[in-house]
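# Per-entry structural report
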Amino acid sequence: MNEPTSFITEFVDLKAQYAALKESIDARIAQVLRHGQFIMGPEVRELEERLAAYTGAKHCVTCASGTEALLIALMALEIKPGDEVITTPFTFVATAEMIALLGAKPVFVDIEPDTCNIDSSRIEPAITSRTRAILPVSLYGQPADMDEINGIAARHGLPVIEDAAQSFGATYKGRKSCNLSTIGCTSFYPSKPLGCYGDGGALFTNDDALAGAMREIRVHGESDRYHHRRIGVGGRMDTLQCAVVLAKLERFEWEIDERIRIGRGYDALLAELAPTLKTVAVRPDRSSVYAQYTIITDARDPLQTALRAQGIPTAIHYPVPLHWQRAYRSYGEGAELSVSQTLAARVISLPMYPDLHEGTQNSIVTAIKSHFAAGAAQ
Ligand SMILES: *Cc1c(COP(=O)(O)O)cnc(C)c1O
């Protein structure tokens, strides 16, 4: 019997990242404390310029969170009650939540069994006369089939919003996630690939009119000081949080390279366990930044228990597809969503962060292999 060992890793280790960037993060924060412009200070515009340049998008508009980014995007596109927005049920709840909050209907389309992203071949049959937008999610950090989705959208005159909350830094055919469609929305939640120390998010677009609308909606629809030509939200990102992201950009490219190296390392180390355990497929024309490193196995729950006993934290993204959530059940009625249902019972995410040491990764893989070897021997 293996003795339960002490906690060998965290699921996401942000302390190691802070230790590496302490000087710049502290200096950036101190600078904001000195100038005192806590709302819409100079760091906000500086970050927007840096992120627009990074993604290649013409405009970046920071906002209060990834959830707020989705809301502002849908509001800028004037999504209203009775409209339909096509999306995936296999995502974080915010994706469908912001559609429903505006009184529109999230129309769920099933996912691909190997990438867990929306199955683009199922989108066109779901389009009706009420469809107003398509909202794919770049799940686990890998962009969906954006060319196919943009093609369908163009044929039907629809905008495409990429929920890129998990994929900032990923590429698709050489282009950056967040700049792959009409609007890209991302999140700076602390554990996302590019995180701040609280809540934050951003919208990206190449459309001047949409960018203007998004900037207004972010501040209560304000067009000029105390003049409101549309309804908006209190959706600004704090200057302090922008300062943290600016400091984190210093080694972001290195972090992306490490994420990809560690993700591919897991792929290689776990390959021999197929078909008992499968890794999420990454298409050759795109990259994943592995916001989550997720594997697929029928024996998910026993594996999670065994890993926990060895001090290895895991998480399930996501255990209940949205059409099975009480608040969203009515939206999924009659839809064929069996792949999402199957995968919700089989996915499990392993520790993943740029500072994950090779020795730690090897211990995690060894624990997984011995779990399955013990099962096979019984
Ligand atoms: C994290 C996340 C969001 C929400 O971002 P917040 O910044 O937490 O509001 C939306 N969609 C997906 C797919 C996410 O992973």
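Attention in this report is confined to the structure presented alongside it.

### Notes on a nonpolar patch on the surface
On the surface, L33, F38, I39 and M40 cluster together into a nonpolar patch covering about 370 Å² of accessible area. The residue F38 is located in the loop between α1 (14-35) and α2 (42-55) in this model.

### Focus: the nonpolar core
Counting 38 residues, the largest nonpolar core has F90, C116, Y266, L270 and I368 as its most contacted members. Looking at this core, the elements that each hand over two or more residues are α8 (252-270), β13 (293-297), α9 (300-309), α10 (338-344), β14 (347-350) and α11 (358-377). When residues in this core are grouped by element, the largest group, five residues, is from α11. Membership of the second largest hydrophobic core comes to 28 residues, among which are A69, L70, V85 and I217.

### Describing the site of the ligand
Around the ligand lies a shell of 16 residues, among which G66, T67, Q166, S187 and K192 are the nearest. Contact distances for the ligand include 2.8 Å between an oxygen atom and a backbone N or O atom of G66. Between a nitrogen atom of the ligand and a side-chain N or O atom of D163, the distance comes to 2.8 Å. Across the complex, the protein chains shield 93% of the 380 Å² of accessible surface that the ligand would expose by itself. Elements that contribute at least two residues to the shell around the ligand include exactly α3 (66-76) and α4 (94-101). Classifying every residue of the shell around the ligand gives six nonpolar, eight polar and two charged.

### A word on the side chain of S287
The topology assignment puts S287 in the loop between β12 (277-279) and β13. According to the relative accessible area criterion, S287 is buried, its value standing at 9%. In this view, S287 contacts G141, Q142, P143, A170, T171, I260 and V282; residues no more than four positions away in its chain are not counted.

### Remarks on the packing of α2 against helix α7 (residues 239-248)
One can describe the packing of α2 onto α7 by two numbers: an axis separation of 8 Å at closest approach and a directional angle of 40°. Here α2 is positioned oblique relative to α7, judged by the angle of their axes. The handedness of the crossing between α2 and α7 comes out as left-handed. Residues E43, V44, E46, L47 and R50 of α2 pack against T239, C242, A243, V245 and L246 of α7. Residues of the contact of α2 with α7, tallied by class, amount to six nonpolar, one polar and three charged.

About the cut-offs
Residues numbered from 1 in each chain as written. Predicted model: local features only at pLDDT ≥ 70, side-chain atom pairs only at ≥ 80, totals over all residues. Heavy atoms only, no water. Patch = residues over 30% accessible without salt bridge, like charges linked within 9 Å, V, L, I, M, F, W, Y side chains within 5 Å. Areas by Shrake-Rupley, 256 points an atom, 1.4 Å probe, with all protein chains shown as cover. Salt bridge = Lys/Arg side-chain N within 4 Å of Asp/Glu carboxyl O. Helix = DSSP H or I, 4+ residues; strand = E, 2+ residues; numbered from the N terminus. Core = buried A, V, L, I, M, F, W, Y, C linked by side-chain atoms within 4.5 Å. Buried < 20%, exposed > 50% of the residue type's maximum accessible area, 1.4 Å probe, protein only. Near = heavy atom within 4 Å. Polar contact = N/O pair within 3.5 Å; in protein donor to acceptor, adjacent residues only side chain to side chain. Nonpolar A, V, L, I, M, F, W, Y, C, P; charged D, E, K, R; others polar. Contact = heavy atoms within 4.5 Å. Axes fitted to C-alpha atoms, helices over the stretch in contact; angles between N-to-C directions. Parallel < 35°, antiparallel > 145°, perpendicular 65-115°, else oblique. Left-handed = near helix turned anticlockwise from the far one by under 90°.

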